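If you want the building blocks of each chain, they are given just below.
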Amino acid sequence: MVNSRGIYLLIAGIRVLLCDAETGVVPNGAAITNRQLLLPLLKQGQAIQVHDCVMQTASCECMLKLQPVPDDRSVSVPSREGLQYIAALLRGRSAVTGLAPLVHTEDLNPCCAIARPCVKALLESLAAADIAGIQENTASLLGLGPGLTPSGDDVLSGLLYGLRHSPMRETPACAALTRSIQALAPERTNGVSADYLLALSADAPFAKMSDAWQDPIQNAGALLCVGSNSGSEMLLGLLLAGKLLDRI
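Remember, it's a predicted structure, so these values are computed and weren't measured experimentally.

Chemist: Is there a simple way to think about the packing of helix 6 (residues 172-188) against helix 7 (residues 191-201) in this case?
Modeler: The axes of two packed helices give the description: the angle between them and the distance between them. Running from N to C, helix 6 and helix 7 point in directions that differ by 160 degrees, and their axes come no closer than 9 Å. Judged by the angle between their axes, helix 6 and helix 7 are roughly antiparallel. In this structure, helix 6 meets helix 7 at a crossing whose hand is left-handed. Residues Thr178, Ile181, Gln182, Ala185 and Pro186 of helix 6 pack against Ala194, Leu197, Leu198 and Ser201 of helix 7. Looking at the contact of helix 6 with helix 7 residue by residue, the class counts come to 6 nonpolar, 3 polar and no charged.

Right under this line is the structure:
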C-alpha cells in the first residue's frame, strides 16, 4: 500500500512502514532517505521479496541500508508544567474531529461522546488495578473512529507508551493494559493500526513519542505532525498517562 506519507509492505504477515527519514525512528518500520524515489516504482498489491536488505519487485530492485535501533525501555515522568503545556497545546487547536477535543469539557463530535465514558472508566480501572475493567474499556476504545489508525487506537498508543515508560511500568495495571492491547488489537482494529500498537507494546522505539514524553515543552509540537489527527490523539494519551501518574 502506497500513500503520500508512507509505503506499507506486508512482510511475513507484519505490516512494515517505510517513511521519510525526517520522521525519525518509528516503531513499525523504517525511516529512509530518498523515499520519494520509490513512490513511482511501487504499486498497490505488488508482490515483493526482501533478502539480505535487498527489496525486489517486478518493477524495481533497491538496497535498503538499515540501521537497527534497540528497544526503548527508558523510564521518566514529565514535569507538571510539561503536562500543562500539552493540555494547553491541545485546547488551542481548532480541530474538532477525532478524540483530541476530549480535553474540553463538552463533547464536540459524536466520537468524543462515545469515547469519554470509556476513557474515564479505563483511567479509573488503571488507578484501581481492576484487570477486568482495563480489558473491557480497552476493548471499547480499540478501532473507535475513522482512519488508518483510528482515534481510539491513537489515544491508547499514547497512554500505553506513557505508562510503559514510567514508574508504572512493572505494575499489574500496566501489564494488564499491555496484555489487553496485545490480545484484542488484532481482532478489534485494522491490521496497520494493530501492528503499530503491538510494536509499541513490545517497546519498539518511537522517537517523536519518546521526545514528547521526556520533554513536552520542547517536543510535544513535533508529535502533532504525525498523521492528520494521530499526533494530537497520541498527545492526549500521554496527557492521560501523566494525569494518572499524578493521582496514584
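Chemist: Explanation requested: the sheet that holds strand 3 (residues 29-32) in the structure shown.
Modeler: Within a sheet, each strand pairs with its neighbour through backbone hydrogen bonds, oriented either parallel or antiparallel. Taken together, 3 strands build an open sheet; the order of strands is 1-2-3 and the sheet is mixed. A single partner strand is all that each edge strand has here, and the edge strands are strand 1 (7-11) and strand 3. Going across the sheet, the axis of each strand differs from the next one's by a mean of 20 degrees, ignoring polarity. Taken together, the 4 bridges between strand 2 (residues 14-20) and strand 3 define a ladder with parallel strand orientation.

Thresholds applied
- Residues numbered from 1 in each chain as written.
- Predicted model: local features only at pLDDT ≥ 70, side-chain atom pairs only at ≥ 80, totals over all residues.
- Heavy atoms only, no water.
- Axes fitted to C-alpha atoms, helices over the stretch in contact; angles between N-to-C directions.
- Helix = DSSP H or I, 4+ residues; strand = E, 2+ residues; numbered from the N terminus.
- Parallel < 35°, antiparallel > 145°, perpendicular 65-115°, else oblique.
- Left-handed = near helix turned anticlockwise from the far one by under 90°.
- Contact = heavy atoms within 4.5 Å.
- Nonpolar A, V, L, I, M, F, W, Y, C, P; charged D, E, K, R; others polar.
- Pairing = 2+ DSSP bridges.

No statement about biological role is implied by the geometric values presented.
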